[in-house]
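Coordinate inspection notes
What follows is each chain in one-letter form.
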Amino acid sequence: MTHSHAHQATSKADPQGTTLARTPLHDLHSHVSEHLGEAARTWLDQALDEAAAHPGAHGPISVWELRLAEAGRRCGPEHADTVRILILHAARADTDALTRVYAQGTAAERRAVLHALPHLVSGPEALPLVEDALRTNDTRLLAAAVGPYAARHLDTHHWRHAVLKCLFTGVPVAEVADLERRAHADAELARMLGDYAAERTAAGRPVPEDLHRVLTLTDPTATPPAPAADHGPNGAEGTHGKES
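Let me begin by describing the structure that accompanies this report. Model, not experiment: these values are computed from the prediction.

**Things to note about unusual backbone geometry**
- You will see that arginine 92, though not glycine, has its phi angle at about 55°, which is positive.
- Assignment of secondary structure puts arginine 92 in the loop between α6 (77-90) and α7 (95-104).
- Phi at alanine 185 is positive, roughly 60°, even though this residue is not glycine.

Next comes the structure, spelled out in structure tokens:
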């Protein structure tokens with residue numbers, strides 16, 4: 001990852017998106033370490049060591065879960081998402097732990113869980129978290145939900161509705177991981193987009209530019225894109241699964 005892209009991953013100017021989910025953990029760690037002050041870097045190193053040494057719950061809550069709550073205050077809001085992903089990975093958080101953090105966490109902690117999914121969960125078992133986020137109208141949560149994990153595991157019906165939800169709420173479709181491949185030659189998605197455009201026009205409202213972009217991608221005569229590689233759990237390269 002280049003420094004310009006790395007900066008985009010954690011800058012205040014670009015808080016939304018799926019950059020963090022698409023970036024290898026090693027790059028996230030090196031970038032955030034370079035940009036934290038000495039005290040924050042020391043705190044992060046200690047938090048990661050604690051999470052690695054005591055991943056299970058000790059008492060009612062794991063020590064690393066407390067660190068997740070402190071991340072914004074300790075490292076600054078612009079780095080908090082990245083720091084939380086690194087802590088979740090150090091703790092080897094499984095689907096049960098991620099579900100607990102998501103259920104009990106703030107919106108920021110839920111967002112970090114969604115960003116962490118492609119780094120930590122190889123199968124579809126964490127899809128309920130993505131589906132829950134897609135039911136909200138929190139645009140930052142929605143943007144985090146349509147990353148590589150959703151691209152790999154969300155079935156076609158739910159994926160189409162996720163794309164529509166982005167259009168309804170103004171989340172840029174550029175955030176939808178693997179959009180080009182999944183939208184290619186999808187006649188049903190094209191129909192849904194056409195219906196939505198017609199509704200907007202009939203109501204005298206503008207049709208979002210992003211809708212035209214996705215509609216173009218559904219064209220069956222266009223050249224299908226090559227499958228995109230992403231960095232799966234533990235930083236391994238993997239390709240997105242086929243839609244059902």
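Further notes follow.
**Description of the pattern of salt bridges**
- The tally for this structure, following the rule as stated, stands at 12 salt bridges.
- Glutamate 50 is paired through a salt bridge with arginine 67; the nearest N and O atoms lie 2.8 Å apart. With glutamate 50 in helix α4 (residues 38-53) and arginine 67 in helix α5 (residues 63-75), this pair connects stretches of sequence that are 17 residues apart. The pair glutamate 50 / arginine 67 is uniform in exposure class, with both members buried.
- Between arginine 110 and aspartate 132 there is a salt bridge, and its shortest N-O distance comes to 3.9 Å.

**With respect to the packing of aromatic side chains**
- Throughout the structure, instances matching the rule amount to 1 aromatic pair.
- Here phenylalanine 168 and tyrosine 196 contribute two aromatic rings whose centre-to-centre distance is 4.8 Å and whose plane-to-plane angle is 80°, an arrangement assigned as edge-to-face. Remark: tyrosine 196 occurs in helix α14 (residues 187-202) and phenylalanine 168 occurs in helix α12 (residues 156-169); sequence separation between them is 28 residues.
- Taking the ring centre of tyrosine 102 as reference, the NZ or CZ of arginine 110 above it sits at 4.6 Å.

**A word on the packing of α4 against α6**
- Interhelical geometry of α4 versus α6 gives an angle of 30° and a closest axis separation of 7 Å. Classified by the angle between their axes, α4 and α6 sit roughly parallel to one another. Helix-helix and strand crossings are classified by hand; for α4 and α6 the assignment is right-handed. Mapping the contact onto sequence places Trp43, Leu44, Ala47, Leu48, Ala51 and Ala52 in α4 and Val83, Leu86, Ile87 and Ala90 in α6.
- Partitioning the contact of α4 with α6 into residue classes produces 10 nonpolar, no polar and no charged.

**Focus: the nonpolar core**
- Counting 68 residues, the largest nonpolar core has Trp64, Leu114 and Val130 as its most contacted members.
- For this core, the leading source of residues is α6, giving 7 residues.
- Residues in contact with tryptophan 64, not counting those within four places in the same chain, are Ala51, His54, Pro55, Ile87, Leu88, Ala91, Ala93, Ala97, Arg100 and Val101.

**Focus: the packing of α7 against helix α9 (residues 127-134)**
- Put simply, α7 and α9 touch, their axes get as near as 10 Å, and they point 20° apart. Relative to α9, α7 is oriented roughly parallel. Of the two elements, α7 crosses α9, and the hand of that crossing is left-handed. Contacts between α7 and α9 involve Leu98, Thr99 and Tyr102 on the former and, on the latter, Leu129, Asp132 and Ala133.
- For the contact of α7 with α9, the per-class residue count stands at 4 nonpolar, 1 polar and 1 charged.

**Topic: α4**
- Look at α4: 23 Å from first C-alpha to last across 16 residues, which is about the 22 Å you get at 1.5 Å a residue.
- Within the sequence span of α4, burial applies to Ala40, Trp43, Leu44, Ala47, Leu48, Glu50 and Ala51. Along α4, the residues classed as buried sweep out an arc of 160° about the axis, all on the same side. Seen from the buried face of α4, the exposed residues on the opposite side, beyond 90 degrees, are Glu38, Asp49 and Ala53.

Thresholds applied
What you see as residue numbers is a count from 1 along each chain, following the sequence as written. Only residues with pLDDT of at least 70 get local features here, since the model is predicted, and only at 80 or more are side-chain atom pairs given and counted; chain-wide, interface and lining totals rely on the full set of residues. As a convention, hydrogens and water are excluded, and side-chain values are obtained from all of the structure's heavy atoms. The helix count covers DSSP runs of H or I at least four residues long, the strand count covers runs of E at least two residues long, and both are numbered beginning at the N terminus. Think of a salt bridge as a Lys or Arg side-chain nitrogen and an Asp or Glu carboxyl oxygen that are within 4 Å of each other. With a 1.4 Å probe rolled over the protein chains alone, any residue whose accessible area is under 20% of its type maximum counts as buried; one over 50% counts as exposed, and the rest are partly exposed. Side-chain rings of Phe, Tyr and Trp (the six-membered ring for Trp) are treated as a pair once their centres are within 6.5 Å; stacked means planes under 30 degrees apart, edge-to-face means over 60, and tilted covers the remaining angles. Distance and angle both matter: a charge sits over a ring if NZ of Lys or CZ of Arg is within 6 Å of the ring centre and within 35 degrees of the ring normal. Angular values range over 0 to 180 degrees, each being the angle between N-to-C directions of two axes fitted as lines to C-alpha atoms, with helices fitted over their stretch in contact. Any angle between 65 and 115 degrees counts as roughly perpendicular, while under 35 counts as roughly parallel, over 145 as roughly antiparallel, and the rest as oblique. For any helix crossing, the convention is left-handed if the near helix is rotated counterclockwise from the far helix by under a right angle, and right-handed if that rotation is clockwise. We call two residues in contact when some of their heavy atoms are within 4.5 Å. Charged means Asp, Glu, Lys or Arg here, nonpolar means Ala, Val, Leu, Ile, Met, Phe, Trp, Tyr, Cys or Pro, and polar covers whatever is left, Gly included. Here, the term nonpolar core denotes a set of buried Ala, Val, Leu, Ile, Met, Phe, Trp, Tyr and Cys residues that are joined through side-chain atoms within 4.5 Å. For a helix, the expected span equals 1.5 Å multiplied by the number of residues minus one. The arc in question is the one spanned by the directions pointing from the helix axis to the C-beta atoms.

Bear in mind that shape data such as this cannot, by itself, settle questions of function.
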